[in-house]
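# Secondary and tertiary structure notes
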2 protein chains.
Amino acid sequence: MDSPVRQHSLREHNLALVLRRVATSARPLSRADVAAATGLTRATVSTLVDDLVAGGLLCELDPVPRAGVGRPATGLALSPRGPCGLGLEINVDYLAACVTDLSGTVRHQIIRHVDQRDRPAPDALAAVAELAADAAQVAVAEHLPIAGAALAVPGLVRQHGDGGGTVHVAPNLGWRDVDVPAKLGELPLRVENEANLAALGELQAGEPDPEASPSFIYVSGEIGIGSGIVLDGQLYRGAHGWGGEFGHLTIDANGPRCHCGARGCLEQYAGQDAILRAAGVPLTDPAGAGPAGLDRIQRLAQSGDPAMLGALRAAGTALGIALAAAVNLLDVDAVVLGGSFAPLAPWLVTPVEEELATRVITAGWSRVAVRPSALGPEATVVGAARSVIRDVLAHPAAWLATQP
Amino acid sequence: MDSPVRQHSLREHNLALVLRRVATSARPLSRADVAAATGLTRATVSTLVDDLVAGGLLCELDPVPRAGVGRPATGLALSPRGPCGLGLEINVDYLAACVTDLSGTVRHQIIRHVDQRDRPAPDALAAVAELAADAAQVAVAEHLPIAGAALAVPGLVRQHGDGGGTVHVAPNLGWRDVDVPAKLGELPLRVENEANLAALGELQAGEPDPEASPSFIYVSGEIGIGSGIVLDGQLYRGAHGWGGEFGHLTIDANGPRCHCGARGCLEQYAGQDAILRAAGVPLTDPAGAGPAGLDRIQRLAQSGDPAMLGALRAAGTALGIALAAAVNLLDVDAVVLGGSFAPLAPWLVTPVEEELATRVITAGWSRVAVRPSALGPEATVVGAARSVIRDVLAHPAAWLATQP
């Protein structure tokens, strides 16, 4: 709205339009199909497609015979050798890297289990840069160019205009006001909250549908409780990038003290350590986080332990109360249970649905879907890689400009 | 993104760009100023301005001498005779109509105090249509064309594609599944939740700033408690138009039963009747709503009545807990207290700010502003009228197409 449309931006817009149409089609499209679907002339489409093929974003498939007269049409598809996204993640007890291609397919993934607690931030950043270099080397060997990188951290991030950012606080990493540069070697680097990136991964996990613009809240119980909010098919970041701080919604104003300083936050009822505590299980580590704690919860629940079943029910009720607030405010269609909430979904979905049915004012007209994350634990790092691809698909002209 | 940019939509985009630039400027702009500000050529700007002047959207002011060489430049401004918006409101104890011009200035306003409770919906719609006709007559007499109408109702609205909508429920009017047509006589009519329209009115109440894209939550305590959410300068409606159902956020899961069927909703702590009840005042009417109840609260608070001061403090605390949830989720910069919360702001702001400071996880980095509505009680009907103007300014080509 604030910038004029001129011939130059006209081409940028239409390049993105053509690329998106091919990307979201369930079958290869001919140039004529693209023209029909976009309303552009066939000549315009051909010029744009030539540019996208030359820039390595689209490829032409072998012609297949078709019904009717005329030459068989060449099918267009996203290039499997096109630019890739590099996703990176620093979390409490692991580092991860992931390379996804233009279609969002994971081409390479590395996870390194190293405890990051109390490790100085520069050391963690250096370690993830090393992992990134390993992943990039594999991509280069497969002739996959990398368009950029996105780093997920479990904390509050303020992005700078140039792409870098400041992690204001990442409580479980012990980080405070850590600056992350805008470059990782030669690659542009963006830093983002983990739940935001997982929500983006979830958004692209479904069947591509060019008309869909889903609205959902992705809640992650991995470390603390965070969320990513997708409104009309777009990640909602908030005025400063701090949206989705779901773990600190108040469940009981006079409840137990939270590490944030307030009382009765959701994390004190549905966080992993709160569940273990409520079930009378001694915490296996100071935060009650990590795979050991989650394993313990699952094993006890599977064995029918009444204390654990009660604790999970109470956690689901608290989660449902907070989710009802989010749905009443945001009018989203769906709730996605991610992180450790995904494997615990068999015990959480029912109490969550009960609270939504009672507390969401529009529950009588429109049921809110509650489902576990489609991607599982790797949602964050895959989402990070796909966020880079998302940018390439939205702004192909920027990628083409970097090509010789 | 989903439609191609061609010459036709290029013109539409640039018409809106030029109009918006003039509309948001603090001083009249010359054509050369507009060209410099938009990046369009002077020839293009001149053609677009000619169209906007011919269509009655812009007017040319008398040339004023200026520094430097060359002819004095003609200043451009929004036309005071340009298309107007007709705002309409059906509320519990009154009907209202309002005409605003392109600059958002109120040109005419009527309020008719008639109790709407238990009045059949068709009667209320007929009465508001009559009021609309009266307002339109005044506008015609002043040679002000009306571009469209927007009707505010205190309920859950699902808008139809054609502009009409269904009011699923408006509890304080006793409405259920009331269809509102897409036309009011010849005028296009849109129906919308009252708090959404009040939030839009608030958005346009400040000093125009083309760079500003504020994010705030407008909470209205007039009848029940509703809210309008503005994100990045745009009203957020939600997947079905039901966003902002703020009155039913849970304050205490085991609290008093709410008329919605759930327990412990915010309305049971900060609604007008809840405040009166907490202060030990017998309710003046069944809903405790209306100006009499509000007057009573204000007079007792002004006289320093300890029970009322305690009740207002408790209401402010509950409001603050719910607002902290909204700010944690949405990362908005500001909270606007509207409806009956505006005159009660002297007693509500402190407890609201205390809860925000404690419960908003980012409160240490960025203070959330809490302020009473700039527009006061007429926010809704003025916001309704301005929502029509907003559409004209965003899509001037659509208005021009209706002109002979």
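Residues numbered from 1 in each chain as written. Chains lettered and ligands numbered in written order. Predicted model: local features only at pLDDT ≥ 70, side-chain atom pairs only at ≥ 80, totals over all residues. Heavy atoms only, no water.

Here we come to the relation of the copies chain B and chain A. Once chain B has been moved 0.1 Å along the axis and rotated by 180°, it coincides with chain A to within an RMSD of 0.1 Å. Such a combination of rotation and displacement between the chain copies is what one expects of a two-fold axis. Relative to the rotation axis, the C-alpha of Asp252(B) is the closest in chain B, positioned 3.1 Å from it. Both copies present the same face, since 98% of the interface residues in chain B are matched by interface residues at the equivalent positions in chain A. (Least-squares fit on C-alpha atoms with pLDDT ≥ 70 in both. Contact = heavy atoms within 4.5 Å.)

Time to look at the packing of helix H9 (residues 306–330) of chain B against helix H10 (residues 345–359) of chain B. Residue and element names in this part refer to chain B. Between H9 and H10, whose axes approach to 7 Å, the crossing angle comes to 40°. Classed by the angle they form, the pair H9 and H10 counts as oblique. Classified by chirality, the crossing of H10 by H9 is right-handed. Per-class residue counts for the contact of H9 with H10 are 13 nonpolar, 4 polar and 4 charged. (Axes fitted to C-alpha atoms, helices over the stretch in contact; angles between N-to-C directions. Helix = DSSP H or I, 4+ residues; strand = E, 2+ residues; numbered from the N terminus. Parallel < 35°, antiparallel > 145°, perpendicular 65-115°, else oblique. Left-handed = near helix turned anticlockwise from the far one by under 90°. Nonpolar A, V, L, I, M, F, W, Y, C, P; charged D, E, K, R; others polar.)

The positions UniProt marks with the feature "domain: HTH iclR-type" (unreviewed entry) are residues 18–58 of chain A. Secondary structure content for residues 18–58 of chain A is 66% helix and 2% strand, while the C-alpha to C-alpha distance between its ends is 10 Å. (UniProt positions renumbered as here; feature names shortened; annotations may be inferred.)

Now for the sheet that holds strand S7 (residues 156–159) of chain A. All names here are of chain A. Read from one edge to the other, the open sheet built from 3 strands follows the order S7-S8-S9, with strand pairing classed as antiparallel. At either end of the open sheet lies a strand with only one pairing partner, and these are S7 and strand S9 (175–180). For this sheet, the mean inter-axis angle between neighbouring strands, taken without regard to orientation, is 15°. As paired elements, S7 and strand S8 (residues 165–170) share 4 bridges and run antiparallel to each other. When the sheet's bridge partners are listed, arginine 158 is paired in S8 with threonine 166. (Pairing = 2+ DSSP bridges.)

All names here are of chain B. The element strand S3 (residues 84–90) is extensively covered by neighbouring structure, given that 7 of its 7 residues are classed as buried. The two faces of S3 match: Cys84, Leu86, Leu88 and Ile90 on one face and Gly85, Gly87 and Glu89 on the other face are all buried. Bridge count for S3 against strand S6 (residues 146–153) is 6 bridges, and the pairing is parallel. Following the sheet pairing, glutamate 89 is matched in S6 by alanine 152. Sheet topology note: the S3/strand S4 (residues 95–100) ladder contains 6 bridges and is antiparallel. Pairing of glycine 87 across the sheet is with cysteine 98, part of S4. Connecting the antiparallel pair S3 and S4 is a turn made up of 4 residues. (Buried < 20%, exposed > 50% of the residue type's maximum accessible area, 1.4 Å probe, protein only.)

We now examine the sheet that holds strand S12 (residues 216–220) of chain A. As a general point, the strands of a sheet are linked pairwise by backbone hydrogen bonds and lie either parallel or antiparallel. Residues and elements named next belong to chain A. The 5 strands are arranged S14-S13-S12-S15-S16 in an open sheet whose pairing can be described as mixed. The outermost strands of the open sheet, each flanked by one partner alone, are strand S14 (234–236) and strand S16 (369–372). For this sheet, the mean inter-axis angle between neighbouring strands, taken without regard to orientation, is 25°. Bridge count between strand S15 (residues 334–338) and S16: 4 bridges; the pairing is parallel.

Another point: the interface of chain B and chain A. Taken residue by residue, the interface counts 62 residues in chain B and 61 residues in chain A. Here chain B meets chain A over a buried area of about 5400 Å², counting both sides, of which 61% is carbon and sulfur. Inspection of the region where chain B meets chain A yields 0 salt bridges. In this structure, the connection of chain B to chain A is made through 30 residue pairs in polar contact (both at pLDDT 80 or more). Elements supplying a minimum of two residues to the side of chain B that touches chain A: helix H1 (7–23), strand S8 (165–170), strand S9 (175–180), strand S13 (226–231), H9 and H10 of chain B. (Buried area = accessible area lost by both parts, 1.4 Å probe. Salt bridge = Lys/Arg side-chain N within 4 Å of Asp/Glu carboxyl O. Polar contact = N/O pair within 3.5 Å; in protein donor to acceptor, adjacent residues only side chain to side chain.)

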